[in-house]
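Tertiary structure, described
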Amino acid sequence: MSSSGEARMHASRLPKPALPWTEHWLRRTSPDVRKRVQLLWEWAPRVSDIRHPRSYRDGLRLHRALMEEDYTMLYPLRGRALFRFARHAERDGVPGALVDCGTYNGGSTALLSAGAPRRDIWAFDSFEGLPALSDRDFDHPLTDEEKQRFDFRGLCLGSEERLREAVGTFGELSRLHIRKGWFEDTLPAARDEVGPIAVLHCDGDWYDSVRVTLESLYPNVSRGGVIVIDDYGAIPGAGQATRDFKASISDPTPMSRIDQTGYFWRKP
């Protein structure tokens, strides 16, 4: 197997966010130490946080509470970015609902809802964990051995009950709409009911999941609305699906980096 193929496969192992220098300088320490360093780094305010100190303070507190209770696997930068995007959509009058595709235990849904509690919040998830990979998640066709080796079906399994609990505690439960099932079944069917979208959070990991999310819901995103691709810089298929979709609609809008793996852009 080529070294590039190994790298692409390694990237598909759902790595936790890591600082570019973490593995080099801290590789002899424990995973717990590396996680603590990562959290300290991400808790520190960025330029966008300094510009909006109230959103930083509120988003930081909310994310910490959600992470401590295992409602979310998102790290601080992405967590408070979702909160800020929802809050600023409300402030700027961007019309539409908040949509979370891939919810786990509801932390990302709660962050969005807390940012704009008067808006409808939609949560889409299989509640069966991850679906199977496809060849489009790699840079070469998979062998049978590789398909077995990289079978992540069922991982990242979330709970609908915990989703409701998270939004009920930190957001606005009366505004929550849940659609259980695989994206290819639920998203196209719900498109008209969802209506305009102000913030679209796409956490589908694999190529097919990200692509169907964008094809189904991007047309609903309002001008100035935000599209967040959670795994753009971590999972090869997620990044490729995003680039392929943007090319298919001739959208040249540059993407902005949230952290090492999460990226977003605003609909022009």
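So, here is what we can say about the structure in this document. (Residues numbered from 1 in each chain as written. Predicted model: local features only at pLDDT ≥ 70, side-chain atom pairs only at ≥ 80, totals over all residues. Heavy atoms only, no water.)

For the rest of this paragraph, the subject is the overall build of the chain. A count of helical and extended segments in the chain gives 12 helices and seven strands. When burial is assessed residue by residue, the chain has 52% of its 268 residues classed as buried. As presented, the chain carries roughly 12,800 Å² of accessible surface, and 51% of it is formed by carbon and sulfur atoms. (Helix = DSSP H or I, 4+ residues; strand = E, 2+ residues; numbered from the N terminus. Buried < 20%, exposed > 50% of the residue type's maximum accessible area, 1.4 Å probe, protein only. Areas by Shrake-Rupley, 256 points an atom, 1.4 Å probe, with all protein chains shown as cover.)

Before going further, it helps to spend a moment on unusual backbone geometry. Not every positive phi belongs to a glycine, and Phe 127 is a case in point at roughly 55 degrees. Note that Phe 127 resides in the loop between β2 (121-125) and α8 (144-149). In the Ramachandran plot, Asp 205 falls in the positive-phi region, its phi being about 70 degrees despite a non-glycine side chain. The class for Asp 205 is buried, based on a relative accessible area of 8%.

Structurally, Gly 233 can be placed in the loop between β5 (221-229) and α12 (236-248). In this structure Gly 233 comes out as partly exposed when scored by relative accessible area, which is 44%. Put simply, Gly 233 and Gln 260 are 27 residues apart on the chain and 6.5 Å apart in space, counted from C-alpha to C-alpha. Aside from chain neighbours lying at most four places away, what touches Gly 233 is Gln 260, Thr 261 and Tyr 263. (Contact = heavy atoms within 4.5 Å.)

Note on soluble globular proteins: their nonpolar side chains tend to be buried together. Within the largest apolar cluster, 34 residues are counted, with the highest numbers of intra-cluster contacts made by Val 99, Cys 101, Phe 124, Leu 200 and Ile 227. Contributing elements (two or more residues each) for this core: β1 (97-101), β2, α10 (183-194), β4 (197-202), α11 (207-217), β5, α12 and β7 (263-266). Here the element with the most residues in this core is α11; it accounts for five residues. In this structure Phe 124 touches Val 99, Asp 100, Cys 101, Gly 102, Thr 103, Arg 179, Phe 183, Thr 186, Leu 187, Ala 190 and Val 194, once residues within four positions along its chain are discounted. (Core = buried A, V, L, I, M, F, W, Y, C linked by side-chain atoms within 4.5 Å.)

Under the defined criterion, the tally for this structure stands at 17 salt bridges. The salt bridge partner of Asp 58 is Arg 54, with a shortest N-O separation of 3.9 Å. Of this pair, Asp 58 and Arg 54 are both found in helix α5 (residues 53-68), four residues apart, which corresponds to roughly one turn of the helix. Taking the shortest distance from any N to any O, the salt bridge between Glu 193 and Arg 179 comes out at 3.0 Å. One end of the pair, Glu 193, is in helix α10; the other, Arg 179, is in strand β3 (residues 176-180), with 14 residues separating them in the sequence. Arg 179 sits in the partly exposed class, given a relative accessible area of 26%. Each of the salt bridges in this network shares a partner with another, and the network as a whole consists of Arg 54, Arg 57, Asp 58 and Arg 87. (Salt bridge = Lys/Arg side-chain N within 4 Å of Asp/Glu carboxyl O.)

For the rest of this paragraph, the subject is the state of the cysteines. The final tally for this structure, using the stated rule, is zero disulfides. With no disulfide of its own, Cys 101 lies closest to Cys 202 among cysteine sulfurs, the gap being 6.2 Å. On the basis of relative accessibility, which here comes to 0%, the residue Cys 101 falls in the buried class. (Disulfide = S-S within 2.5 Å.)

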